[in-house]
Amino acid sequence: MHNLMKPGSERKMGIIRTDKWLDESFGDMRKVEDCILEAVHSKEQALIETLKKTGMYRPNKRTKIIYESMKDTDIWEKVDDYYQKYKKAWEGPDIPVLIFPIAMEGLGFFRSAQRRKSGLAFIDKLFLFVSAEITEKELEALFVHEYHHATRLSILGDRMENNLGGSIVMEGLAEYAVSEYCGIQYLAPWTVKHTADDVRSRLKSNYVPNIELERDDPLHNRLLFGGGNMPKMAGYEAGYRIVKDYAEYKGVKTKALFFISAKEIIGHWEELAERAD
């Protein structure tokens, strides 16, 4: 599928012009998937399956309309502006960023609250899925959240905590960055879904006792994403509350928070909770 790849250096970074692929092969997902794997230097079909679950479009009339709208507003140029801005501000990683229309069906869990955007970040690559209705500020908020993940991963490296504590703090930090750089009106709905007392109660009863839970434990994802008797995105909401309390108490901003471990942030919250009891 080399004919669909944009000519350039062996290792392309920054905004990948996925529109060039979609112009030629919008309806041929096999070709598009091959281009993705080649662009990120991967042979893992599991990555494609993960993208489909997270928001990758399926070719149909609705997603084709989204794509045409994305071209009309030149989403790729806008995201490149954000990439340059935050890469400089955060001394962030130089990674490929791939943008596609968002799927319009089959994503219920991830998109029940927000139907305009989705994203997926890795230490060495970033994917954004957007709809025709997304505003520029919503697009920036999406980029801030996902690129924050990639930046924190690149900074912490092997020091990254691969447990429930690391996961909820990771999400909380990314959304706190949205509040700092884009404004609280662009925070995800799950950040303010429940009262402070409700979240505090869940943190004490469900999260603190399981903070060391490894990521491959089924309970990890149930506590992170919700399910059963846990509200949807409960772990994300808990993480945001912990990070917000820490940042405001310590008087620190996103740039400093990149370097602080989840263990320290959670430990500080536990100390404050004990004092309040």
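From a predicted model like this one, the values you see are computed outputs, not experimental measurements.

Conventions used here
Residues numbered from 1 in each chain as written. Predicted model: local features only at pLDDT ≥ 70, side-chain atom pairs only at ≥ 80, totals over all residues. Heavy atoms only, no water. Core = buried A, V, L, I, M, F, W, Y, C linked by side-chain atoms within 4.5 Å. Buried < 20%, exposed > 50% of the residue type's maximum accessible area, 1.4 Å probe, protein only. Helix = DSSP H or I, 4+ residues; strand = E, 2+ residues; numbered from the N terminus. Contact = heavy atoms within 4.5 Å. Pairing = 2+ DSSP bridges. Salt bridge = Lys/Arg side-chain N within 4 Å of Asp/Glu carboxyl O. Arc of directions from axis to C-beta. Phe/Tyr/Trp six-rings, centres within 6.5 Å; stacked < 30°, edge-to-face > 60°.

### Brief notes about the nonpolar core
Point 1. Within the largest apolar cluster, 87 residues are counted, with the highest numbers of intra-cluster contacts made by I36, F100, F127 and F143.
Point 2. It is helix α11 (residues 234-250) that provides the largest number of residues to this core, a total of eight residues.
Point 3. Excluding residues within four positions of it along the chain, F127 makes contact with I36, V40, L47, L51, L98, F100, S118, G119, L120 and F122.

### A closer look at the pairing of strand β2 (residues 96-101)
Point 1. Of all six residues making up β2, six are buried, and the element is well covered by its neighbours.
Point 2. Strand direction decides the pairing type here: strand β1 (residues 14-15) and β2, joined by two bridges, are parallel. From the neighbouring strand, I15 faces β2, where its bridge partner is V97.

### Description of the sheet that holds strand β3 (residues 117-121)
Point 1. Ordered in space as β1-β2-β4-β3, the four strands form an open sheet in which the pairing is mixed. Bordering the open sheet on either side are β1 and β3, each of which pairs with just one other strand.

### Things to note about the pattern of salt bridges
Point 1. Across all of its chains, the model carries 13 salt bridges by this definition.
Point 2. Put simply, E33 and K52 hold a salt bridge, and the shortest N to O gap is 3.6 Å. Taken together, the positions of E33 in helix α2 (residues 29-39) and K52 in helix α3 (residues 45-54) put the pair 19 residues apart, joining distant regions of the chain.
Point 3. By relative accessible area, which is 27% here, K52 ends up partly exposed.
Point 4. Here K78 and E136 are joined by a salt bridge, their closest N and O atoms 4.0 Å apart. Taken together, the residues K78 in helix α5 (residues 75-90) and E136 in helix α7 (residues 136-156) connect sequence positions 58 residues apart.
Point 5. Each of R17, D19, D74 and E77 takes part in a single network of salt bridges with overlapping partners.

### Digging into helix α9 (residues 196-207)
Point 1. Buried residues of α9: V199, R202, L203 and Y207, and no others. Here the buried residues of α9 occupy an arc of 105° about the axis, which is enough to place them on one side.
Point 2. Those residues of α9 that are buried are in contact with α8 (164-181), α10 (218-225), α11 and α13 (262-276).

### Examining the packing of aromatic side chains
For any pair of aromatic rings, the description consists of the separation of the ring centres together with the inter-plane angle of the planes.
Point 1. Taken as a whole and judged by the stated rule, the model has 17 aromatic pairs.
Point 2. Pairing F26 with Y67 gives two aromatic rings, centres 5.7 Å apart and planes at 25°, and the pair type is stacked. Here F26 is found in the loop between α1 (18-25) and α2, whereas its partner Y67 is found in helix α4 (residues 61-72), with 41 residues between them in sequence. Side by side, F26 and Y67 carry an identical accessibility label, which is buried.
Point 3. When the centroid spacing of 5.0 Å and the interplanar angle of 50° are considered together, the rings of Y86 and W90 count as tilted. Of this pair, Y86 and W90 both sit in helix α5, four residues apart, roughly one helical turn.
Point 4. Classification of Y86 as buried rests on a relative accessible area of 0%.
Point 5. With a relative accessible area of 3%, W90 lands in the buried category.

### Section: unusual backbone geometry
Point 1. A positive phi angle is found at H41, which is not glycine, with a value near 55°.
Point 2. Relative to the assigned elements, H41 resides in the loop between α2 and α3.
Point 3. Residue classification places H41 among the partly exposed positions, given a relative accessible area of 45%.
Point 4. At M233, a position not held by glycine, the phi torsion is positive, near 60°.

### As for the pairing of β3
Walk down a regular strand and you will see the side chains alternate between the two sheet faces.
Point 1. Here β3 lies mainly inside the structure; five of its five residues are buried.
Point 2. Every second residue of β3 is oriented toward a common face, with K117, G119 and A121 on one face and S118 and L120 on the other, all of them buried.
Point 3. Strand direction decides the pairing type here: β3 and strand β4 (residues 126-130), joined by five bridges, are antiparallel. Bridge pairing links L120 to F127 in β4.
Point 4. Between β3 and β4, which pair antiparallel one after the other, the connecting turn spans four residues.

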